[in-house]
Amino acid sequence: MASWLGGLGSGLGQSLGQVGGSLSSLTGQISSFTKDILLEGAEEVGDAATELHVSNSRLREIESINAAQKFENERLKKVCSDLEEKHEAAELQIKQLSVEYRNQLQQKEVEISHLKARQNALQEQLQKVQSAQLAAGVLPSAATSASYVPVVRHSSGFEGDEMDFGDVIWSQQEINRLSNEVSRLESQVDHWKQIALSSKVQGTNDAEQSEICKLQNVVKELKHNLSKEIDEHQHELSVLQDAHRQKLVEISRRHREELSEYEERIEELENQLQQGGVSTNTMDDSKISEQKRNAQSLEGGRVEELQVVKDLEDELRKVNHELSSAKEENKILLKEQELAKVEKIQIAQEYENLKSDFSMLQSSVAEQDALLKEQEKKLQSKTSLPEDVTRLQQALLEAENKIARLSNLNQEEKELTSAQHTNENILSAYTEKENSELNQLRQDLERKEHELNESIAERETLIAELEELDKQNQEATQHMITLKEQLSKQHTETDSIIKQLKFDIDFERKKVSELEIEKKEAIKELDSQKEKLSKCSYALNDLHISKQQLQDNIKDLQEQLRKSQDCNLHNKKEIRELQQRLKERKEELPVSLSKLTNSNQESNYPCQDLILKEREAEIAKLQNDILENKQLNEDLEKSLSDLRTENGKLIAAVEELKQELSDAISEKNKVYLEKDTLVEALKMEKRQLESELNQSEKRLLEQAHKYKQTIEELSNARSMDTTALQLEHERLVKLNQEKDFKIGELQRTIEQMETDHQETKEMLTTSLGGQKQLTELIKEKEALIEKFKNQALQVKQELEEHVKISKQQDVLKQNLEEKDRNLAVMKEENNHLKEEIERLKDQQSRSTTHVVEPKTLDIIIELESEVTQLKVIRNNLEEEIEVHKKTIEDQNRTTVQLQQSLQQQRKEIDESKFQCEQMNVTHERLSLEKDEEIKNLQKTIEQIKTQLHKERQIIQTDSSDLFQETKVQTLNGENGNEKHDLSKAEIERLVKGIKEREMEIKLLNEKNVSLSHQIDQLSKDEVGKLNRIIQEKDLEIQALNARVSSASYRQDVVCLQQQLQAYVMEREQVLAVLSEKTRENSQLKTEYHNIMDIVAAKEAALIRLQEENQKLSNRSENSSQDMSRETIQNLSRIIREKDIEIDALSQKCQTLLTVLQTSTTGTDNGSGGVNTNQFEELLQERDKLKQQVKKMEEWKQQVITTVQNMQHESAHLQEELHRLQAQISVESDSNSKLQVDYNGLIQTYEQNEKQLKSFSQELAQVQHSIGQLHNTKDLLLSKLDLVAPSVATASTVSQLSSAQYSAPGVLSDESKLIQKELEQLKKKLQEKDSTIRTLQENNQRLSDSVATASEIERKSQEETESEMRQMKEKHDVLQKSLREKDILIKSKSDQLLSVSENLSNKENENEVLKQAVTNLKERNLILEMDIRKLKEENEKIVARCREKETEFRALQETNMQFSMMLKEKEFESHSMKEKALAFEKLLKEKEQGKTGELNQLLNEVKSMQEKAVTFQQERDQVMVALKQKQMESNALQSEIQHLREKEQRLNQELERLRNHLLEMEDSYTREALAAEDREVKLRKKVVVLEEKLLSSSTAVENASHQANLQVESLQEQLNLVSKQRDETMLQLTISQDQVKQYAVSLANLQMVLEQFQQEEKAMYSAELEKHQKQTAEWRKKAQNLEEKVVSLQESLEEANAALDAASRLTEQLDIKEEQIEELKKEGELRREMLEDVQNKLMNLMNSTEGKVDKLLMRNLFVGHFHTPKNKRPEVLRLMGSILGIKKEELDQLLSEDQRGVTRWVTGWLGGGAGSKSVPNTPLRPTHQNIFNSSFSELFVKFLETESRPSLPPPKLSVHMKPLGAAGTGQTTSTPSNSQMQDSGVSGMSRRPDANPFLAPRSAAVPLITPASNSGHLLMKPISDALPTFTPLPVSPDASAGAVLKDLLKQ
C-alpha cells in the first residue's frame, strides 16, 4: 500500500511540477501503478512460498534434532537404570557369596572343632593310660585324692569360641584386604617398570636413569616390606589359631576334671556304703537287747508302715513304667547305634581300644556291684528288703550298662560338643521333672528304710542269729570306732561341700554381674550403632533432597533450553522477514528512482547526494542489524553449549550421587548386617546366660535341698542305710542325666555319620563310574591295537605274495628277451635271403634267355601255400586282437571303478583326518581344562599344606594316620568327582567319536582287502593270457623259421628268372597295390600312435592314482601291486608291437601273393617277359621294409629300458615301504618309553605322598607331645590350687564336730539310737581324717614335685634368657650385615649371573634327586622281589618241614616196627625158655620113659608156637597199617588246612591287587595330568624366578636366609622328636621332661623370631609409610586425572554436539552469504540502472525546466475560485509551492491579498517572484466549512474509493512482522522539512516527496518509519496494517483540509 501511495504521490507531484495535464492522466497512472503493485504482490507471494518451504524444512530438522536428543536422553536414562539394577544385583550376589563363604567357614570351624574334640578324647584316653601307669608305679593313692568341686564352664568356653570365630573372620577379611593391596601395589610397580623401560628405550638423561634406579630400589624395598607384612599377618593368624586351640584345650581339661571329680565322688560314696553296711552289723552285734526293745515298741506301728509300703510300691510301679519307657528309648537308640556301627567299620580299631579301657572300668563297676550285692545279702539276712528296690537297682544297672555302651561311642566321637548347648535347655526341663520325681522317691525310700528298721525288730530270725551276734560283738566294737571316724569325715566333707557350693554361688553371681555389665556395654554399643544408623539415614535423606534439587535444576535448565530454542526460531523468522523486506526495497529502488527523475526536475545535485547518503546510512543500519542478529545467534549458541555442558555436569553429578547412594546403601546394609550379627550374638549370649543362671539356680536349690535333707538325716541319724541309698540314688540320677546328654550327642553323631557315609558313597559311585569308563576306553583301544596288528600281518602276507608274482614276471621277461633274440636272428637270415635274391636278379639281368625253368613253379606253389597259412594266421591274430581290445576295455572299466573307489577312500580319509583334528582339539581343550583344575587343586593342596604347617594340631599318634588317610581320600574323592563331573560329557563324546572311527577303519580295511583280491585276480588272469599269447607267437615264429630254412635258394632263382616277364607286365598293378598298402600303413601308424598316446595318458593317470593310493594306504596297498600293473601294461605294449610286426609281415605276404597271381595270369595269357626294373623296385621296397623293422626293434629296446626303469622304481617303493615300517617301529618304541616315564612319575608321586604322610605323622606326634605337656602343667596347677581349700575346710569341720558332739543328752530309746549313730559317725570322721592326712601327704609330695618343676622351669627360663641375649647379639650383627648388604646391592647385580648358574645347578640337582627317586623306586621293586623270594624260600622251608615231618613219621613207623620186632624177639625168647623147660621135662620124662607122649606134646607145642607167631605178625601188620592210615589222615588234614589257608591268602591278594589296580589306574590318570601341570608350572616358575632374580636379589637372600633358619630349626625339631620317640619307648617320665624343655626352647625361638621381625619392621616402617604416602598422593592424582578425563569426555561430547550444530549453522550461513552475494550483485545492477535513470532524469529536468502544464494551472485557477474564501489562501499556497515560490514571498502575497485581488492575480500571473507568501496557519478540524463539495474533498473521496483493492492471500501475514519497537514506536507526524537543507539554487527548497494530494491517515497506520525519513516512499518500510489491506480510516470530523494539511506538513 505504501509503495502504491508513494507512487501516486510522486505521480501527482510530477503533474503539479509540470503545471498542466488533467485528471485523466492521473487515473491512467493510478491504474498502471495498481497493475504493477498486483504483479509485485504475486512475485512476493512466490518468494514467500519458497521461504516457507525452507523454514518448514528447518523446523523439521530442528524437531528431528530435538527428538534425537530426547531419544538419547531416554536411552541414557535407561542405561543408568540398567546399570543401577546391575549394581544392585551384583551387590546382592556379593552378599550371597559372602554369606555362603561365611557358612562354609562356619562349617569348616565346626569340622575343626569336631576333629579337636576327637583329638581331645584320644588325648584323654592317653592321659588315663598314663595316669594309670603313674598310679601303679609312682602314686598309688592318687586316685582317691580329688576335689569335690564340680565347676560347670561349658557355655562360657563356647561363647569365647564364637567370639574367636568372629576374630577369625575379621582376620580373614584383613588378609583379603591386604592381599588386594598387595596386588594393587604390584600392578603399580609393573606400571612404573613399563614407564622406566619406555623411558630407557627413548633414551633418557643420566638423571632420569638415576631416578629409575632409585624407584627400582624403592620397589624392591616395598616388595620386601610386603613379604614381611604378609609373614607377620600369617604369624598373627597362627597366634590366633593357637589361642583358639588353647581355649578348646582348657575347656576339654575342665570337662575331664569334672568327670574325674564325679568318678572319685562315686567311688567314695560306694566306700561309704560298704562301711555303712559293716557298721550296721557291728551295731546289731553290740546292742541286741536294745533292738529287742525297739522291736517290741515298733510292733504297734507296723500296720501303718505296711500302708506306707503299699504307697511306695505304687510309686515304684510308676518309676518302673518310666524306666520301661526309658528302656524303649534305649532300644531305639541301640538300633540306631547298630546302624551306626554297620556304617562305622572304619572306627572299629579305635572302638576296640576304647572297649579295652572300658572293660577295666566295667570290672571296677562289677566289683562295686558285687560289694553292693554282698551288702544286700547281709541286709536280707537281717531284714527282708522289698523286692521292688532290688528290681529298681537291676533296672538302673541295665540302664548304666546301656549308657556305658553308648558312652564308648561318645568317647569315640566328641564331635557334637557344640550341639550340647542347644539341647541343654530341653534336658534341664527334663532333669527338673526327674529331680522332682527323685525327691518323691527319696521320701518313699526314707519310709521304706523306717519299715526296714521295724521289720528288723520284728524278724523272728533275730533270736536264731543271737549266737552269731555274740561272736561278732567283739568285731563290732572295733568297727564302731572306724564308723565314728567315717561319720566325722563325712561331716567335714559335707561342710566343705556346702562352703564350696556357697563359693560357687558367689562366683556365679559375680559372673552374672560381669555378664550384666557386658550386656549394658553391648546395649550401649547398640545405641551408638543406632545413632550411627540414624545419622546414615539423615545423610541418605540429605542425598535424596540434593538429588531432587538437582533434578529441579535439570528441569529448569531444560525449560531455559526450550525458551532459547524458541527465541532462536523467533530470530530466524525475523531474519527471514528482513531478507524479504530487503528484496522488496531492492525491487522498489528502481521504480522510485525512475519516479524521482520524473518528479524532481528542479532538484539539484546536493539533493541526490543527500539521498545517497541517506541510503548509505540505511544500508549501514541494516548491516548493523544483521551483525547484531549474528551476535545474538552466537550468544544463543554459546548459551546452548553452556547449557549442554551444565546438563552433562548435572548428569555426571547425578551419576556420582547415584554411586554415593549405592555406596551408602551398601554401607548401611553392611552396618545392618553387622548389627544384626552383633544383636544375634548378644541374644544368644543372653539366652545362654539366662539358661545357665536358671540351671545354676535350680542346681543350687536342688543342692540346698539335698544338703538340708542330708543334714536333717545326719541330725536324726535314723539309719546309715538311708544315707547310703540316697547317695546311691543321687549318683544314679547324675549318671542318668549324663547318660541322657550322651544319648543325645550320640544320636546327633550317628546322624552326621549317616550323612557323611551317604556323601562318601555317592563320591565312590561317581569315581567308580569314571574308572569303568576309562577301563572300557582302554579295552577298546587294546582291541584296536590287536586289529591293527592283524592287519599288519595280512599286509606282510600280501607283500610276500606280490614278491612271488614279481619273480614270475621276471621269468616272463627273460622269455620275452629270448624271443626278441630269436627274432633278430630271423631278421638277419631274411637279410641274407634278400642279398641272395639281388644276386639272382643280377644273374637274370645278365641272362637274356626267356626260358622258364620248372623250379619256379614249385616255388610259386610253395609261396601260395605259405600265403594261405599266413592268411589263416592273420585271421587268428585279428581274433586275438579283438579279444585283447575287449580285455583292454574291461581293464579301463576296472580302472575307472578303482579311481572311483580311490576317490571315495580319499574322501573317507579326509573325513577321518578332519575328525582326528577335531578330536585332537577337544583333547587339547580337555587337557587344558584339566590342567586348570589340577592347578586349582594343587593350589588348594599347597594351602592345606601351609595350614598344616602353621596349625600345630594336637593329634594322637594312633589317630593321626587315620585322619590324614581319610583327608587324602576325601580330597582325592572330591577332585575325582570334579574331574568326572567335568569330563563325563566329553568322555562320552570321545567314546562315540572313537567308535565311529573304528567303524570307518573297518570299512576301509574291508574295501582295501576286496580291492587287493580283485587286483590279484586281474593280474593273475592277465599274466596267464599274456603267457598263452607269447607261447602262440613263439610257435608261429618257429614255423616261419622252419619254412624259411626249408626253402631252397636255387629253385627260387629259377622261378624268378621264369617269372621276370610276368613281373614286368604287372608292375603297375603291384605299384598301385603298394601305394594303397602304404596309405593303409600310414593310417595304421597314425591310429597306433593315437592309441599309444591314449595308453600313455592312461598310464600316467594310473601312475598318479597309484602314487596317491600309496600315500593314502601305506599299510593296505604295497608297491608290488603297482609293479605288477606296470609290468602287465609293458607286456601289453610288447604284444601290440608283435601284432604290428605280424601285420607288416602279412601285408608283405599279400603283396607277394598278388604279384604271383598277376604273374601267373600273365603267363597263362601269354604276355611278355618280366622286366628286371620291376624286380629291382620290389627289392628296394623290401629294403624299406627292413628299415622299418629296425626302427621297430629300436622302439622295442626303448620299451625294455622303460620296463627296467619301472623295476628300479618298484625297488625304490619297496625301500620306502621298509622305511615306513621302521618309522612305525620307532614310534612304538617311543610309545613304550613314554609309558615307562609315566610309570616312573607315578612311582615318584607315590613316594612323595608317603613322605608327606610320614612328615604329617611326625608333626602330629610333636603337637601331641606339646599338648600332653600343656595338660600335665594344667593338671599340676589345678591340683596345687585345690590343696589349700581342702586343708582349711578340714580344720573348720573338726572344730564344728567338737562343738556339736560335746553336749550329750540321755532322753529315751531314740536318744540311745542317736548315740549309737553318733559313735558310728565319729568313727567315719576318724576314717575321713585319716584319708585327709593321706591326701595332705599326697599334696605335699605334689607340691614338692611342683617345686622341683618350677626350679627346672626357672633354670630353663634362665637358659632361654641367655639364648635371648645371644639372639639379640646375633640380631645386631645381622642388622650390621644388612646395612653392608644394602651397600653391596650394586655388586650383587654382577653376581646375578652366578645365581642363575646356581639355579641351573639346582635344577640339575633336582634332576639328580628325581633319578635318586627313580633309583629308590627300583630299590623298592628289588625289595619287593626280595620279599617275594623270601616268601618263596619260606614256602620251600615249609615244604622241607613237611618232608621232615613225613620223615619223622616214617622214622616213628620204623621205630614202631622195631618195637614190634623186639616184642617178637622177647616172645621168641619166652618160647625158647618154655621149650627148654619142655626139653627138661622131656628129659625127665625120657628118664621116666615116656618118649611117645613127649613127641606128641612137642609137635603140639610147635604148632601152637607157629600159630601164635602168625597171629602176632598179623596183629603187628594191622597195627602198622592202622598207624600209617592215621598218619596219612593227619597229613591229609594238615594239607587241606594248608590249601584252605593258601586259598584265603590268594583271595586276599586278589582283592588287594584289584583294589591296587583300581587305585593305580585312578592315580595314573590323575598323576599324568598332575605331572603335565607340574611341568608347565615348573617351566613358568623357572621363567618367573629368572625375572625375579633380576629385580629382587636382596629379597631372595633374605628368603634363603630365613628358609635356612627354618630348615635348621625343623631339622633340629625332627631330630629332637625322633630322640623323644625313642626315649618314650624306654622311659615315659624322661621323655616328658625332654618335651617340656623342647617346648620352652620352641617358645623362646618363637619369641626371638617375633622380636627379630619387629625390629625389622621398625627398620622398614618409615620407608613403607613414605611410600604409602607417595602411593596415596599418586592415587589422588590418578583419581583427579580420571575425573578430569571424565569431565573432558563429557565436554568433548558436548563440543561435538555443538560442532554439529555449528556445522549446520555454518551451512545455513554459507547459504545466506551466497544469497547476500546474489542480492549484492542485484543491488549493483540496480545501482547501475539507478544511475542511468538519474542521468535520464537530469536530462529531462534540464529539458523541462521553466515549462508549466496548462491543464493543471487551469484547474488550480478554477479551483481557487470554487473554494470558499476562508480556504483560498491554502489553495494559493499550494499553487505557490507547485510553482516553487518561497514561503516568505507567499506570505507577503497573501498579506497583500486583503488589499485587492488584482495584486494577487497580477503577482500570480507575473510569476510572483517578488510576492511573499503569508505563513500558513494550520486549520483545526472544528473550523471546517459546511461546503463539502470543494475540489480537494472530491479529490480525497476519489483517492479513498481508489484505495480499496482486492484483499491478497492471508499467507503474507506470516512474513510481514514488525521490525521491532524501534520501527513501530518512533513514528512521528513532524514535518520532514526540518531535515532538509535550503538550497540557494532558484526557489526550489522543498522536499521532492512532499505531495499536497496525499490523503489524510490515522495515527494507527504509520506510513513512514524513522529509518526511512529520507528517501523515496517506495524505499520506506511496510507497516503492520499493510498485510490486511484495510482501507485508510478517516475520522468523521476530519475535513479534506485537515488531510491536505497533513500532506503539506510532510
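Computed from a predicted structure; not experimentally measured. (Residues numbered from 1 in each chain as written. Predicted model: local features only at pLDDT ≥ 70, side-chain atom pairs only at ≥ 80, totals over all residues. Heavy atoms only, no water.)

## Concerning the overall build of the chain
Right, on to step 1. Within the chain one finds 32 helices and 0 strands.
Right, on to step 2. In the chain, the proportion of contacts linking residues at least 24 apart, taken out of those at least 6 apart, comes to 93%. (Helix = DSSP H or I, 4+ residues; strand = E, 2+ residues; numbered from the N terminus. Contact = heavy atoms within 4.5 Å.)

## Overview of helix H25 (residues 1750–1762)
Given 3.6 residues to a turn, an α-helix orients residues that are three or four positions apart in the same direction.
Right, on to step 1. An ideal rise of 1.5 Å per residue puts 18 Å on 13 residues; H25 measures up with 18 Å between its terminal C-alpha atoms.
Right, on to step 2. Looking at H25, one finds that the buried residues are Leu1752, Met1753, Leu1756, Gly1759 and His1760. Down the axis, H25 shows its buried residues gathered within 130° of arc, on one side only. Those residues of H25 that are exposed and aimed more than 90 degrees away from the buried face are Lys1750, Arg1754 and His1762. (Expected span 1.5 Å × (residues − 1). Buried < 20%, exposed > 50% of the residue type's maximum accessible area, 1.4 Å probe, protein only. Arc of directions from axis to C-beta.)

## Quick word on the packing of H25 against helix H26 (residues 1768–1779)
Think of two packed helices as two axes; the pair is described by the angle between the axes and how far apart they sit.
Right, on to step 1. Across the interface, H25 lies against H26 with an axial gap of 9 Å and an inter-helix angle of 165°. Judged by the inter-axis angle, H25 sits roughly antiparallel to H26. In this structure, H25 meets H26 at a crossing whose hand is left-handed. Residues Leu1752, Met1753, Leu1756, Phe1757, His1760 and Phe1761 of H25 touch H26, and the partners they reach there are Arg1768, Val1771, Leu1772, Leu1774, Met1775, Ile1778 and Leu1779. (Axes fitted to C-alpha atoms, helices over the stretch in contact; angles between N-to-C directions. Parallel < 35°, antiparallel > 145°, perpendicular 65-115°, else oblique. Left-handed = near helix turned anticlockwise from the far one by under 90°.)

## Details of the confidence of the model for the chain
Right, on to step 1. Residues of the chain with pLDDT of at least 70 account for 77%, and the chain-wide mean is 77.
Right, on to step 2. Here helix H31 (residues 1861–1865) stands out as the element of the chain with the lowest mean pLDDT, 40, in contrast to helix H24 (residues 1628–1744), whose mean of 90 is the highest.
Right, on to step 3. Confidence over residues 954–968 falls short of pLDDT 50; this stretch has 28 contacts with residues more than four positions distant or in other chains.
Right, on to step 4. This stretch, residues 1796–1828, has a pLDDT under 50; its non-local contacts, to residues over four places away or in other chains, come to 68 contacts. (pLDDT = per-residue confidence, 0-100.)

## Some thoughts on the pattern of salt bridges
Right, on to step 1. Scanning the model with the defined rule gives 26 salt bridges in all.
Right, on to step 2. One salt bridge connects Arg906 with Glu1108, and the closest N-O pair in it is separated by 1.3 Å. Separated by 202 residues along the polypeptide, Arg906 in helix H13 (residues 855–950) and Glu1108 in helix H17 (residues 1067–1112) bring together distant segments of the chain.
Right, on to step 3. Relative accessible area serves as the criterion here: at 23%, Arg906 is assigned to the partly exposed category.
Right, on to step 4. Judged by its relative accessible area of 28%, Glu1108 falls in the partly exposed class.
Right, on to step 5. Taking the shortest distance from any N to any O, the salt bridge between Asp1787 and Arg1773 comes out at 3.4 Å. (Salt bridge = Lys/Arg side-chain N within 4 Å of Asp/Glu carboxyl O.)

## A few points about a negative patch on the surface
Right, on to step 1. A cluster of acidic side chains, namely Glu61, Glu1707, Asp1710, Glu1713, Glu1714, Glu1717, Glu1718 and Glu1722, defines a negative patch on the protein surface.
Right, on to step 2. The element best represented in the negative patch is H24, accounting for 7 residues.
Right, on to step 3. Along the polypeptide, Glu1717 turns up in helix H24. (Patch = residues over 30% accessible without salt bridge, like charges linked within 9 Å, V, L, I, M, F, W, Y side chains within 5 Å. Areas by Shrake-Rupley, 256 points an atom, 1.4 Å probe, with all protein chains shown as cover. Lys, Arg positive; Asp, Glu negative; His and termini not counted. Charge placed at Lys NZ, Arg CZ, Asp CG, Glu CD.)

## A few points about the packing of aromatic side chains
Right, on to step 1. For the structure shown, the criterion picks out 4 aromatic pairs.
Right, on to step 2. A centroid spacing of 4.9 Å and a plane angle of 65° characterise the contact between Trp192 and Trp1674, whose relative ring orientation is edge-to-face. Highlighted residues: Trp192 in helix H3 (residues 154–202) and Trp1674 in helix H24, separated in sequence by 1482 residues.
Right, on to step 3. One cation-aromatic arrangement involves Lys1677 over Trp1674; the distance from NZ or CZ to the ring centre is 4.7 Å. (Phe/Tyr/Trp six-rings, centres within 6.5 Å; stacked < 30°, edge-to-face > 60°. Lys NZ or Arg CZ within 6 Å of the ring centre and 35° of its normal.)

## A closer look at the packing of helix H20 (residues 1309–1383) against H24
Right, on to step 1. Across the interface, H20 lies against H24 with an axial gap of 10 Å and an inter-helix angle of 30°. As the angle between them shows, H20 and H24 are arranged roughly parallel. For the pair H20 and H24, the sense of crossing is right-handed. Across the interface between the two elements, Ser1356, Thr1360, Glu1363, Met1364, Met1367, Lys1368, His1371, Leu1374, Gln1375 and Leu1378 from H20 touch Val1640, Asn1644, Met1647, Val1648, Gln1651, Phe1652, Glu1655, Met1659 and Tyr1660 from H24.
Right, on to step 2. Each residue belonging to the contact of H20 with H24 can be placed in one class, and the counts come to 10 nonpolar, 6 polar and 3 charged. (Nonpolar A, V, L, I, M, F, W, Y, C, P; charged D, E, K, R; others polar.)

## Observations regarding helix H21 (residues 1385–1488)
Right, on to step 1. Given a rise of 1.5 Å per residue, 104 residues ought to cover 154 Å, and the 143 Å separating the end C-alpha atoms of H21 matches this to within 8%.
Right, on to step 2. If you look at H21, its biggest bend is around 45°, right at Gln1391.
Right, on to step 3. Among the residues making up H21, those that are buried are Lys1388, Leu1392, Val1413, Lys1417, Arg1449, Met1460, Glu1464, Ser1471, Leu1482 and Glu1485. (Bend = angle between axes of the 7 residues up to and from the residue.)

## Some remarks on the environment of Leu1585
Right, on to step 1. Note on placement: Leu1585 falls in helix H22 (residues 1491–1591).
Right, on to step 2. A C-alpha to C-alpha distance of 9.2 Å links Leu1585 and Ser1396, two positions 189 residues apart in sequence.

## Structural notes on the side chain of Gln1734
Right, on to step 1. By secondary structure assignment, the location of Gln1734 is in helix H24.
Right, on to step 2. Using a relative accessible area of 19% as the deciding quantity, one classes Gln1734 as buried.

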